[in-house]
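This is what each chain is made of:
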Amino acid sequence: MAKLIFFLAVQILLLAAVSSARDDGENFFRTVDRKLLGLHKKEKLTHFKVYWHDILSGPNPSSIRIQPPVTNSTSFFGGITMIDNALTAKVPANSTLMGQAQGFYAGAAQKELGFLMAMNFVFKTGKYNGSTITILGRNTAMSEVREMPIVGGSGLFRFARGYVEARTKWLNLENGDACVEYSCYVLHY
């Protein structure tokens, strides 16, 4: 009988300990040591250029309009285009493939050609193979230079921030195909 009472007492104490250790939402946030995430290192500033090939024409387009603009829009307002565009080292589309720009752009301005750009640059060569940067911002496509923020990244660009400058190198007004230079300035660890 004493063994049974002792066993029950131990079980009650264990149950009390487990129920008091239960996560009731108070421990949802916690402080993390920066060193565990590699944030103790000195930040680097990396600059590179890639050429973004937006191809809407031909048998294998890299950009597909998934939502047409509103009727009678002269600014592509409301239109949405999904992209999987090549990023090359130089202007010619057959130059070295550095990666892909994957995401979308959407007509977000009623009175001018202004896009909301949301895309990842997914690098597929060299030191940055498998790393990404994420660009999210406004692109007034007819401006000579457009600046958009880099809001994050992965791989060697984890915790990235910075900006890109976009400059159109060529644009075919008949079919919408274009090549845009992206000059990227990225702070990362």
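Just so it is clear, the structure is predicted and the values come from calculations on it, not from any experiment.

**Comments concerning the overall build of the protein**
Step number 1: When helices and strands are counted, the protein shows 1 helix and 9 strands.
Step number 2: Secondary structure elements of the protein, listed N to C terminal, follow the sequence α-β-β-β-β-β-β-β-β-β.
Step number 3: Looking at the 189 residues of the protein, the share that counts as buried comes to 34%.
Step number 4: Accessible surface, the protein as shown: approximately 12,100 Å² in total, 59% of it carbon and sulfur.

**Details of the packing of aromatic side chains**
Each aromatic ring pair is characterised by the separation of its centres together with the angle its planes make.
Step number 1: On inspection of all chains with the given rule, the structure shows 10 aromatic pairs.
Step number 2: Where tyrosine 105 meets phenylalanine 115, the ring centres are 5.1 Å apart and the plane angle is 75 degrees; that geometry is what we call edge-to-face. In this pair, tyrosine 105 is assigned in strand β4 (residues 97-107) and phenylalanine 115 in strand β5 (residues 114-123), connecting sequence segments 10 residues apart. A single burial state applies to tyrosine 105 and to phenylalanine 115, both of which are buried.
Step number 3: Between tyrosine 128 and phenylalanine 157, the ring centres sit 4.7 Å apart and the planes meet at 10 degrees, which makes this aromatic pair stacked. With tyrosine 128 in the loop between β5 and β6 (132-140) and phenylalanine 157 in the loop between β7 (146-154) and β8 (161-171), the pair connects residues that are 29 residues apart, well separated along the chain. Each member of the pair tyrosine 128 and phenylalanine 157 is classed as buried.
Step number 4: Among the aromatic residues, those joined into a ring-pair cluster are Trp52, Phe76, Tyr105, Phe115, Phe121 and Tyr182.

**Comments concerning the pattern of salt bridges**
Step number 1: Tallying each qualifying case throughout the model produces 5 salt bridges.
Step number 2: Overlapping salt bridges, with partners in common, bring together Glu165, Arg167, Lys169 and Glu181 in one network.

**Considering the environment of glutamine 67**
Step number 1: The residue glutamine 67 is located in strand β2 (residues 63-67) in this model.
Step number 2: Relative accessible area serves as the criterion here: at 37%, glutamine 67 is assigned to the partly exposed category.
Step number 3: Expressed as a C-alpha distance, the spacing of glutamine 67 and threonine 81, which sit 14 residues apart in the sequence, is 7.0 Å.
Step number 4: Setting aside its immediate chain neighbours within four residues, glutamine 67 contacts Gly78, Gly79 and Ile80.

Procedures and definitions
- Residues numbered from 1 in each chain as written.
- Predicted model: local features only at pLDDT ≥ 70, side-chain atom pairs only at ≥ 80, totals over all residues.
- Heavy atoms only, no water.
- Helix = DSSP H or I, 4+ residues; strand = E, 2+ residues; numbered from the N terminus.
- Buried < 20%, exposed > 50% of the residue type's maximum accessible area, 1.4 Å probe, protein only.
- Areas by Shrake-Rupley, 256 points an atom, 1.4 Å probe, with all protein chains shown as cover.
- Phe/Tyr/Trp six-rings, centres within 6.5 Å; stacked < 30°, edge-to-face > 60°.
- Salt bridge = Lys/Arg side-chain N within 4 Å of Asp/Glu carboxyl O.
- Contact = heavy atoms within 4.5 Å.

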